[in-house]
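Below, each chain spelled out in residue letters.
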Amino acid sequence: NFMSNGGSIIDVTLIVKAVVATATINYSYQFNGVEKFTQTSTGYVGDEYPALTETAKFPYGITATKPAGLIEESDITDGVINKVIELKSNLPFAYADSYETINKWYYIQMHSSGGANSRFLQYAETYIEWADVTRTTSENDTYTWGFIGDPFTGFKLVNYGAPADANAVVSASDSGNPGFGAIADAVVWNVKASRTNPDSKYFCFQYPGSNQYMNAQNGKVAFWGDNDQGSTMWV
């Protein structure tokens, strides 16, 4: 298993490793065919593909799986293997790229882990109401909400029963109560995990660029500086 050469010992396993084909492995993380970020690693023929190291960059609700199987020499072209890592959404709601293409509308319950304290979001002309848990048929439109955007850019939250020129949630700052305005001017909310309910069906709305989350105060939706139980929602 070794040979002597002038008093030095040569480890044959290193020779074998050196002659086994190596490759630069490029992962292109893509969401709906658009590259979001990349990863570069080195691999040897016969080894498993490298683990995904960029998961910290995934927004909430995004998952991915590393390539299956072992690296084969036939996978290598000019010393390189390029692989697409498909990013998939497992958010608990469907979303659209425009108001016109929304095809699913939802009730959104806040304080969703609070039992009897849970209420539903309702459009109330100039603000979002933290409404009673019971609903009537005539109120359904003002209780139903749709999502425009994607997990990487965030979501505009629109109400089905609001007037056509004021059907998106907006806010002048991260400390005021969310109100309503035109879709084009709407705040794009970040969707974050619930700190107290890590189950994937629960989430929180975060005001962009802040630590403020939708919560309830005096029957209206306001802000709270924590993604706690009160900010937890489900659709």
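Calculation notes
Residues numbered from 1 in each chain as written. Predicted model: local features only at pLDDT ≥ 70, side-chain atom pairs only at ≥ 80, totals over all residues. Heavy atoms only, no water. Helix = DSSP H or I, 4+ residues; strand = E, 2+ residues; numbered from the N terminus. Contact = heavy atoms within 4.5 Å. Areas by Shrake-Rupley, 256 points an atom, 1.4 Å probe, with all protein chains shown as cover. Salt bridge = Lys/Arg side-chain N within 4 Å of Asp/Glu carboxyl O. Buried < 20%, exposed > 50% of the residue type's maximum accessible area, 1.4 Å probe, protein only. Polar contact = N/O pair within 3.5 Å; in protein donor to acceptor, adjacent residues only side chain to side chain.

(A) Looking closely at the overall build of the chain. Scanning the chain from N- to C-terminus turns up two helices and 19 strands. Within the chain, contacts between residues separated by at least 24 positions form 52% of all contacts whose residues are at least 6 apart in sequence. Surface summary for the chain: the accessible area is close to 12,500 Å², and the carbon and sulfur share equals 48%.

(B) Seen up close, the pattern of salt bridges. Enumeration over the complete set of coordinates arrives at three salt bridges. Among the salt bridges present, the one from Lys66 reaches Glu48, with a minimum N-O distance of 3.6 Å. Separated by 18 residues along the polypeptide, Lys66 in the loop between β5 (62-63) and β6 (80-86) and Glu48 in the loop between β4 (34-44) and β5 bring together distant segments of the chain. Among the residues examined, Glu48 registers a relative accessible area of 55% and is labelled exposed. Among the salt bridges present, the one from Arg195 reaches Asp226, with a minimum N-O distance of 2.7 Å. Of this pair, Arg195 sits in the loop between β15 (190-192) and β16 (204-206) while Asp226 sits in the loop between β18 (220-224) and β19 (233-234), and the two are 31 residues apart along the sequence.

(C) Here's a closer look at the side chain of Ser194. Tracing the backbone shows Ser194 in the loop between β15 and β16. On the accessibility criterion, Ser194 (4% relative accessible area) is buried. Polar contacts involving the side chain of Ser194 include one to the main-chain amide nitrogen of Asn197, which spans 3.0 Å. A distance of 2.6 Å separates a polar atom in the side chain of Ser194 from a polar atom in the side chain of Thr232.

(D) Geometry of the environment of Val169. Assignment of secondary structure puts Val169 in strand β13 (residues 168-170). Exposure remark for Val169: the relative accessible area of 0% places this residue in the buried category. With 12 residues separating them in the primary sequence, Val169 and Leu157 have C-alpha atoms 5.7 Å apart. Apart from residues lying up to four places away in sequence, Val169 is in contact with Ile128, Trp145, Leu157, Pro178, Gly179, Phe180, Ala186, Val187, Trp189 and Met214.

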